[in-house]
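In case you want the letters, here they are:
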Amino acid sequence: MKLYNTLTRKKEEFVPLREGKVTMYVCGPTVYNLIHIGNARPMIVFDTARRYMEYKGYEVNYVSNFTDVDDKIIARSLEEGIPAEQVSARYIEECKKDMEAMNVRPATVHPQATQEIQGMIDMIRTLEEKGYAYNVNGTVYFRTRKFKEYGKLSHKNLDDLRSGNRALQVTGEDQKEDPLDFVLWKPKKEGEPSWQAPWSDGRPGWHIECSEMAKKYLGEEIDIHAGGEDLIFPHHENEIAQSECCNGKPFARYWLHNAFLNIDNRKMSKSLGNFFTVREIGEKYDLQVLRFFMLSAHYRSPLNFSAEIMESSRNALERILTAADRLRELEQSAAEESLLEQEKEKRQEMKSFREKFQEAMDDDLNTADAISAVFELVKFANTEAVPEGSREFAGILRKELEELCGILGLKTERKAEVLDEEIEEMIRQRQEARKARDFARADAIRNELLEKGILLEDTREGVKWKRA
RNA sequence: GGCGUCGUAGCCAAGUGGUAAGGCAAUGGUCUGCAACACCAGUAUCCACCGGUUCAAAUCCGGUCGACGCCUCCA
């Protein structure tokens, strides 16, 4: 498969360091609040990448961190008058709930920064010993000038960066040797969480967290490092500097970055406050719809979120679920048991959809194109699986649909749900009215149910319902 | 200012040199008591605009206009 590598700005054939195994690190959220739908994009996209690689037979060691020490968490803890670790513990739990609802699988490991402080201190010491770090009154900085390749990921010209940073230099960063130097360790302020270290009681800089956690759980050299495109600079650039200077070898071979999610064509940002949490969206839609929406565009294209597009996504996903429901019914009710002659040919024909799907996914995870292959399979199933056919054929199609959807992390089975006795009774009454050909009454009951959010469908197999 | 991305039907979105996938919405039809689901049909002579290269371009090159991202915490 080919992946677009930010480092080389090219699509490259993916070859893991060790055959059959993939090590992958995805930068996770800072847990100071419920996650927003922008956070959800990398989670969904890279979870899909992981699922596809596993489908291809790779064993994927997938690590995604929680940043649980940070200014915003501290601010929140002061606001609520509770310890910072209570704030982060709460939002880690909430985040995991959202992930589950989006069908994002738990990572192999979800390390937390505060549990890995000693490793970070060790890394900083090594950097200091090698001359890549310096201590000024308890604050330790990374000496970017000493790392010749600094800027290779973001393809930045350091002189431009330095001139662009003039403003920073005059605002109290004058103790740095160079405006591009960044913090590895900072001393605590009153009331902040802190850890003992050779330079001061304090806490690590943001970038060193990921360098250390990737190293500890995946090794000094990893296959894939991923995250949002805004992390390219400075976060990932700094990770490269720290890791490569400390370990003396290349850090990540493939750098993957997802584009941003906009809201009604405007950038979403925490500081602007125009963001939706995943939780809020979950109140209006099944979060499978959000997942479908996220995968309907290529991960490197900007994606716009709006109510209209979510409606469209909901309906599109419904089409897939309806087809899956129908196949499951045919598996029970079709006339024949085993494959008919003409169905054997159809089974061969069916393989083209999977081929198209794989081709799309092999091409830098083109999920939009892969979804189109799923819809072609849906149409094929709706047309070719018939009550007069065999249960085996319906089953083959059902499994095919389930597997392709499964790679995308889309469940084809609806949540089992039991209706209120009152509603069941209304449905029964309507059936009686229909039997008596009292259609006025039948329609009245149907409309009443619709107002309660229950949509009825009369089929050959009897009356069915779903949420409107 | 530096680096980079994008502009395809009402909406979303693939396609990146060989003559426009797929989905949503809308329309007509079949099915249905009526609906819903499903199926069938048609639906962009054309891919922001201008010019160039080529037998051939939405796809390559140059320019124009427009939208946007990073360079600062941010997925």
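Check the entry above for the structure.
Residues numbered from 1 in each chain as written. Chains lettered and ligands numbered in written order. Predicted model: local features only at pLDDT ≥ 70, side-chain atom pairs only at ≥ 80, totals over all residues. Heavy atoms only, no water.

A.B. asks: Even after reading the chapter, I still don't get the packing of aromatic side chains, so can you show me in this structure?
C.D. replies: Note on aromatic pairs: each is described by the distance of the centres and the angle between the planes. Within the structure shown, the criterion is met by 13 aromatic pairs. By way of ring pairs, the aromatic residues F14, Y58 and Y254 are connected into one cluster. The ring of Y132 carries K146 above its face, with NZ or CZ at 5.3 Å from the centroid. Geometry around Y4 places R300 over its ring, the cationic atom sitting 4.0 Å from the centre. (Phe/Tyr/Trp six-rings, centres within 6.5 Å; stacked < 30°, edge-to-face > 60°. Lys NZ or Arg CZ within 6 Å of the ring centre and 35° of its normal.)

A.B. asks: Can you walk me through the sheet that holds strand β4 (residues 59-64) in this structure?
C.D. replies: Strand order in the open sheet made by the four strands is β4-β3-β9-β10, with parallel pairing throughout. The strands lining the two open edges of the sheet, one partner per strand, are β4 and β10 (252-258). For this sheet the average axis-to-axis angle between neighbouring strands, irrespective of direction, equals 20°. One ladder, built from three bridges, connects strand β3 (residues 21-26) with strand β9 (residues 222-228); its direction is parallel. When the sheet's bridge partners are listed, Y25 is paired in β9 with H225. (Pairing = 2+ DSSP bridges. Helix = DSSP H or I, 4+ residues; strand = E, 2+ residues; numbered from the N terminus. Axes fitted to C-alpha atoms, helices over the stretch in contact; angles between N-to-C directions.)

A.B. asks: What should I look at first to understand the pairing of β9 in this one?
C.D. replies: For β9, a buried count of seven out of seven residues is recorded, marking the element as mostly surrounded by other parts of the structure. Summarising the sheet, β9 and β10 pair through six bridges and their orientation is parallel. Residue G227 lies in a different strand from β10, and its bridge partner there is H257. In terms of handedness, the path from β9 via helix α8 (residues 232-247) over to β10 forms a crossover that is right-handed. (Buried < 20%, exposed > 50% of the residue type's maximum accessible area, 1.4 Å probe, protein only. Right-handed = clockwise from strand over helix to strand, strands pointing away.)

A.B. asks: When you look at the packing of helix α1 (residues 37-55) against helix α10 (residues 287-295) in this model, what are you seeing that I'm missing?
C.D. replies: For any two helices packed against each other, the geometry is given by the interaxial angle and the distance between the axes. Across the interface, α1 lies against α10 with an axial gap of 10 Å and an inter-helix angle of 75°. With respect to α10, the element α1 is oriented roughly perpendicular. Between α1 and α10, the residues in contact are I37, A40, R41, I44, D47, T48 and R51 and L290, R291, M294 and L295, respectively. (Parallel < 35°, antiparallel > 145°, perpendicular 65-115°, else oblique. Contact = heavy atoms within 4.5 Å.)

A.B. asks: Looking at this structure, how should I read the environment of S200?
C.D. replies: For S200, the position within the fold is in the loop between β7 (182-187) and β8 (202-204). Judged by relative accessible area, S200 falls into the buried class, the value being 13%. Counting along the chain gives 63 residues from S200 to N137, while the straight-line C-alpha distance between them is 8.2 Å. Once you skip the residues sitting within four places of it in the chain, S200 turns out to touch G138, W185, K186, P187 and W195.

A.B. asks: I would appreciate a short explanation of the sheet that holds β8 in the present structure.
C.D. replies: To summarise the sheet geometry, strands pair through backbone hydrogen bonds and adopt either a parallel or an antiparallel arrangement. Read across the sheet, four strands follow the order β5-β6-β7-β8 without closing on themselves; strand pairing throughout is antiparallel. Lying at the two open borders of the sheet, with one neighbouring strand each, are β5 (133-136) and β8. This sheet shows a mean twist of 20° between the axes of neighbouring strands, independent of strand direction. Note that β5 and strand β6 (residues 139-142) share four bridges and pair antiparallel. Counterpart to A133 in the pairing with β6 is F142.

A.B. asks: I tried to follow the environment of F353 on my own but got confused; where do I start?
C.D. replies: Locating F353 in the fold gives a position in helix α12 (residues 341-362). What makes F353 buried here is its relative accessible area of 11%. When the C-alpha atoms of F353 and F375 are compared, they prove to be 9.1 Å apart, with 22 residues separating the residues in sequence.

A.B. asks: Help me out: how do you make sense of the state of the cysteines in this one?
C.D. replies: The term disulfide refers to a covalent linkage connecting the sulfur atoms of a pair of cysteines. In this structure the tally under the stated criterion is zero disulfides. No disulfide involves C27; its sulfur sits 3.9 Å from that of C210, the nearest cysteine. We classify C27 as buried; its relative accessible area is 13%. Of all cysteine sulfurs in the structure, the one in C246 sits closest to C245, which takes part in no disulfide; the separation is 8.7 Å. C245 sits in the buried class, given a relative accessible area of 4%. (Disulfide = S-S within 2.5 Å.)

By themselves, these observations are geometric and do not establish any function.
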